[in-house]
Each structure stands twice: as structure tokens, then as C-alpha cells.
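# An overview of the molecular structure
Each chain is listed here by its residues.
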Amino acid sequence: MSLRSFLEKMEAQNEVAHITDKMSPRFEIPSVINALADGPILMFENVDGYPVKVVGNVCGVRSRICQALNVPPESLYRRLNDALESPKPPKIVEEAPVKKVQEPPVLSKIPVLTHFEKDPGAYITSAVISARSVDGVTENVSIHRLQVLDDRHLAIRLVPRHLFKLWSMAKEEKRDLEISISIGVHPAVMLAAASSPPFGVSEYGVANTLLGGNLQLTKCEKIEAYAPAEAELVLEGKISFDREAEEGPFVDITGTYDIKRTQPVVEIVNIMHREDYLFQALLPGGPEHRLLMGLPREAAIYNAVSQVVPRVNAVNLSVGGCGWLHAVISIEKQMDGDSKNALLAAFAGHPSLKHVVVVDSDIDVFNLQEVEWAIALRFQSKEDLIVIPNARGSTLDPSADQEKGLTSKMGIDATRPLSAPAENFRKATIPTSKRAAETVKKILGLSKK
Ligand code: MN
């Protein structure tokens, strides 16, 4: 399964906007993606200075991610959690569409975007990176930002997680870590790469389960790593064990600049791509970045809270909370204390969480006006507020203690007390006839045109 097959499906549903105006990868394409981030997939067909197309905003809205996985929204977390628990190794194939063109590396031939005003240069942000341990036993797949340094070198941001661990293991033997850098892959591969199964579990296996066994991999030409056979573009590279460069400052999930750091350098040794490859853009700090990072955490929160309350209906790591720091969770509680336990479980399920609101199941967690309504009418700060000072939090939050990594967390229990009459908290409804419903539908249809 490929990005292309998904784009065809979206094309048939009128979800792809084709932009024929000439646009530069430097600021212009990012500014259009930014302005239309809640909208359709954006296909830039006339890229200033490059013969290839750029596609952006592929996973920009939640419903499209559900469509990519062929799953109704209410089953998304279960599907993701099931895939994390039962990864299946993908088929390895020799013949791969991505192997059609092989080229010595010249990164300036690729329309890599320069996104924000103070960025130090062009950054690849949609790449899925895979490596195997030197002994070939452990494979990891994850998403990392890559700063273009010159035609053959990138700086890679390695957060101390799994790829960092593989690199450290290679470094101990004074060896470079060989990686495949795949751009333009099916959304399921992006989502799997953004999730975090334990070290040793290949996220390719998770993606393969999500795709019903239809992911195919191919071995790279010059290095010991694997890439999706149907990717648009694959860079083959080596993360140096001893060469570093300045990386950043760069915009992260918060939409604010992360600090400048010294990070390892990747040497690109080969490039392969489809003949008319698409370059996939992903706007840092935009809704797509937040959704891809946030969805696997929503599934983790769903799991954690499900352990302590009879039923969890929905979880929203809201885009306004950067898809990372704010959660709204709707539950069904049996006892008044359940909602407080739900708050505590949510903090355990996603340690970067800062503010959590728990609501009853009649509240739509994706409608923040309704959530505010619940806080206004069902929450009493004296009883329903939990504040946890000096907990470990996200260093991405500029208001947190940057040196110690400490933050204050807050839980808001906006569920109605079971001791009071339910009637007092129920939204009044109006009986709606078929005729009335039809009329509303008609007017809504008119206002769309
Ligand atoms: Mn991993």
C-alpha cells in the first residue's frame, strides 16, 4: 500500500486540491499549507525550480487518518493498540517501484522546504527513518527532522529514544549506523513510525498489521536497511559515529522554536526514487504534525484510563494543546471517584500531559465549546481540581522549568456529581420532526455552495 493509492482514494472524494500557480519551496509552499491546514490535501504541481510535485497536508485532519486505515473513528484506538500488540513482519520484495531511478546524492535537486522565517535552512520533516542493529537483530522505524547541510549531508535530531540507542550501540564499536530515509509513504506507515512499541519491536510490523498485511519492504542498494517498496523517494545514508554539526533552531510541535543543538551528521550515499516522484511536505507545528504525534498517545491514554473506569468513550489531545499537552477524555463513571482516577491514569498514560479535562459521555470531546460548557456547569474548583506541582513534564513547554524538566499539572473533573439529580445537568432538547430535519439539511447544503 502506497501514498499514491491513498491519494487516488482521496482524489475520488474530492479531497485533493491541485495548485497550479508557481510556488517556491522556500516559505511559499509552507505558507499556503499553513493557511489551508484544516482543509484538503494540497498538491503543488508547479514547484519553482523543480520538475517534481510537492504534496502536503496528507494527514491534516483526523477523518483522513481514519480513512487511510479504513477504520471508523470510534475504533481507531483499538485498531492502533491491536497493531502495537500484534505486529507482523512485512514481505520483502526485490522489485520495488522506488528503485526505478538510482542516483548519486545531490540533495539540492529535491524540493526540500524552508518553513519558517528564522529557520537555518531547508528541513526534511516527513521522513520515516529505519535502521537495524549492527547484529541485524533489532529494527526500528521512527520520524526525525533532518536539516540539509549540503548536497550529501544532513544533520539529524536524535531524541534519546530507540534510534538514538541503535546509533549509540554502533558508536561503541566505532561504526556508523546505516539508515534508510523514506519520503512519501502510506499514512499507516507514518502513524506506526510515530507510535512507540517497546525497543525491539519494528514499527514496520505495526504498519503491516494496520494495512492488513499489505506493506512491502525492499532492501536498500548500498546499505543494510529496509524501506517501503512503494515509497516515493528513499535516501540511503549513514549516521556518523564521530561527526557532528549544529542543528536548529527549529520549530517543534508547539509552534515555537526549539533550541540549537549539536547533533550527528548523516552522509547520504545513494538516492532512489520513482520516475515522477512526489515530495511529501509536513509543516512543523501544524495540525498534521500534532495529529500524527498525538494519535498514538491518545491510544495510550485510552488504554490507561480504560483500566480504572468502566468505559472510555473518546480522547482528544487537542490541536490547540499542541496535540501533546492537553487532553479531553469522556468517560462513563460508576462512582463519583472514578473521574479523579481517570485523571490520574491519563497522566500516567502520557507523561508529557499537562492539563486534562474529564467529561461525561454526553459531551463531544472534539467540540471545545461543549467542553467549556461542561466546565462551566459541572465543575467546582474547590472539589474537582487536582494540581500536581513539580512533576516531570515536556521540555517543549517554555513555561516549564527547563533546567530540571519540572512542570505543574492540572486535572479538571467536569463530570456531573452522581449524588445530584441528573436532570439538573441535562441539556434541554427540542423534538425534531423529519420535515424539520430535511429543511435544516437543505439550508446547510445551500450555504456550502
Ligand atoms: Mn521504536
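Scope of this entry: the structure provided in the associated data block. Model, not experiment: these values are computed from the prediction.

Donor atoms from the polypeptide that coordinate the manganese ion comprise Asn140 (OD1), His162 (ND1) and Glu203 (OE), at 2.1 to 2.2 Å from the metal. Sequence spacing of the donors to the manganese ion: N-x21-H-x40-E. With histidine 162 in helix H5 (residues 162–172) and glutamate 203 in helix H7 (residues 203–210), this residue pair connects regions lying 41 residues apart in the sequence. We classify histidine 162 as buried; its relative accessible area is 14%.

Before going further, it helps to spend a moment on helix H1 (residues 3–12). Within H1 the residues assigned to the buried category are Leu3, Phe6, Leu7 and Met10. Each buried residue of H1 sits inside an arc of 100° when the element is viewed along its axis, so together they form one side. Turned more than 90 degrees off the buried face of H1, the exposed positions are Glu8 and Ala12. Those residues of H1 that are buried lie in contact with strand S1 (16–19), strand S2 (41–44), strand S3 (53–56), helix H3 (62–68), helix H6 (187–194) and strand S18 (278–280). Two residues or fewer after H1 comes asparagine 14, characterised by a positive phi angle close to 60°.

Now for the layout of surface pockets. Each pocket or cavity is described by its volume, and for the largest pocket that value is around 1,300 Å³. Residue lining of the largest pocket: 41 residues in total, with Val159, Arg161, Met293, Trp324 and Leu396 positioned closest to the centre. The set of elements that each furnish at least two residues to the lining of the largest pocket consists of strand S8 (139–143), H5, H6, strand S15 (250–251) and helix H8 (287–306). Looking at the lining of the largest pocket, its residues break down into 17 nonpolar, 14 polar and ten charged. Put simply, the second largest pocket is a space of about 300 Å³. Lining the second largest pocket are 15 residues, and of these Pro73, Glu74, Asn313, Ala314 and Phe366 sit closest to its centre. For the lining of the second largest pocket, the secondary-structure elements that each account for two or more residues are H3, helix H4 (76–85) and strand S19 (311–317). It is S19 that contributes the most residues to the lining of the second largest pocket, five residues altogether. Here the residues of the lining of the second largest pocket sort into nine nonpolar, two polar and four charged.

Bringing empty space enclosed by the protein into the picture now. Throughout the structure, instances matching the rule amount to two cavities of 30 Å³ or more. Its boundaries defined by the atoms lining it, the largest cavity holds a volume of some 40 Å³. Every residue lining the largest cavity is listed: Met1, Val185, His186, Val189, Leu215, Gln216, Pro228, Ala229, Glu230 and Ala231. Considering only residue class, the lining of the largest cavity consists of seven nonpolar, two polar and one charged. The space that makes up the second largest cavity amounts to roughly 40 Å³.

As summarised here, the arrangement of the three strands in space is S4-S12-S13, forming an open sheet in which the pairing is mixed. Two strands close off the open sheet at either side, each with one partner strand: strand S4 (91–92) and strand S13 (226–228). As paired strands, strand S12 (residues 216–219) and S13 are joined by three bridges and run antiparallel to one another. Residue leucine 217 lies in a different strand from S13, and its bridge partner there is proline 228.

This part is about the sheet that holds S3. Spatially, S1-S2-S3-S18 is the arrangement adopted by the four strands of the open sheet, whose pairing is mixed. Two strands in the sheet have a free side with no partner beyond their single neighbour: S1 and S18. Taken over all neighbouring pairs, the strand axes of this sheet differ in orientation by 25° on average, direction set aside. Note that S2 and S3 share three bridges and pair antiparallel.

A word on the packing of H6 against H7. At their nearest, the axes of H6 and H7 sit 8 Å apart, and the two run at 135° to each other. By the angle between their directions, the pair H6 and H7 is classed as oblique. Considering the relative orientation of H6 and H7, their crossing is right-handed. Counting all contacts with H6, which are made through Ala188, Val189, Ala192 and Ala193, the residues of H7 involved are Glu203, Val206, Ala207 and Leu210. Tallied by class, residues from the contact of H6 with H7 come to seven nonpolar, no polar and one charged.

This next bit is on the packing of H8 against helix H9 (residues 338–349). Relative orientation of the contacting elements H8 and H9 amounts to 140°, with a least axis distance of 8 Å. In terms of orientation, H8 and H9 fall into the oblique class. Between H8 and H9 the crossing geometry is right-handed. Taking contact as the criterion, the partners of Ala300, Ile301, Ala304 and Val305 in H8 are, on H9, Ala342, Ala345, Ala346 and Gly349.

Among the structural elements, lysine 354 can be located in the loop between H9 and strand S21 (355–360). A polar side-chain atom of lysine 354 sits 3.2 Å from a polar atom in the side chain of serine 399. Residues contacting lysine 354, with those up to four places away along its chain left out, are Leu325, Phe347, Asp397, Ser399, Thr407, Ser408, Lys409 and Met410.

Criteria and cut-off values
- Residues numbered from 1 in each chain as written.
- Predicted model: local features only at pLDDT ≥ 70, side-chain atom pairs only at ≥ 80, totals over all residues.
- Heavy atoms only, no water.
- Donors = N, O, S within 2.8 Å, 3.2 Å for Na, K, Ca; no water.
- Helix = DSSP H or I, 4+ residues; strand = E, 2+ residues; numbered from the N terminus.
- Buried < 20%, exposed > 50% of the residue type's maximum accessible area, 1.4 Å probe, protein only.
- Arc of directions from axis to C-beta.
- Contact = heavy atoms within 4.5 Å.
- 1 Å grid on protein atoms, 1.4 Å probe; cavity = no way out; pocket = protein on both sides within 12 Å on 5 of 7 lines; lining within 4 Å.
- Points joined across faces, edges and corners; volume = space filled by probe spheres on them.
- Nonpolar A, V, L, I, M, F, W, Y, C, P; charged D, E, K, R; others polar.
- Pairing = 2+ DSSP bridges.
- Axes fitted to C-alpha atoms, helices over the stretch in contact; angles between N-to-C directions.
- Parallel < 35°, antiparallel > 145°, perpendicular 65-115°, else oblique.
- Left-handed = near helix turned anticlockwise from the far one by under 90°.
- Polar contact = N/O pair within 3.5 Å; in protein donor to acceptor, adjacent residues only side chain to side chain.

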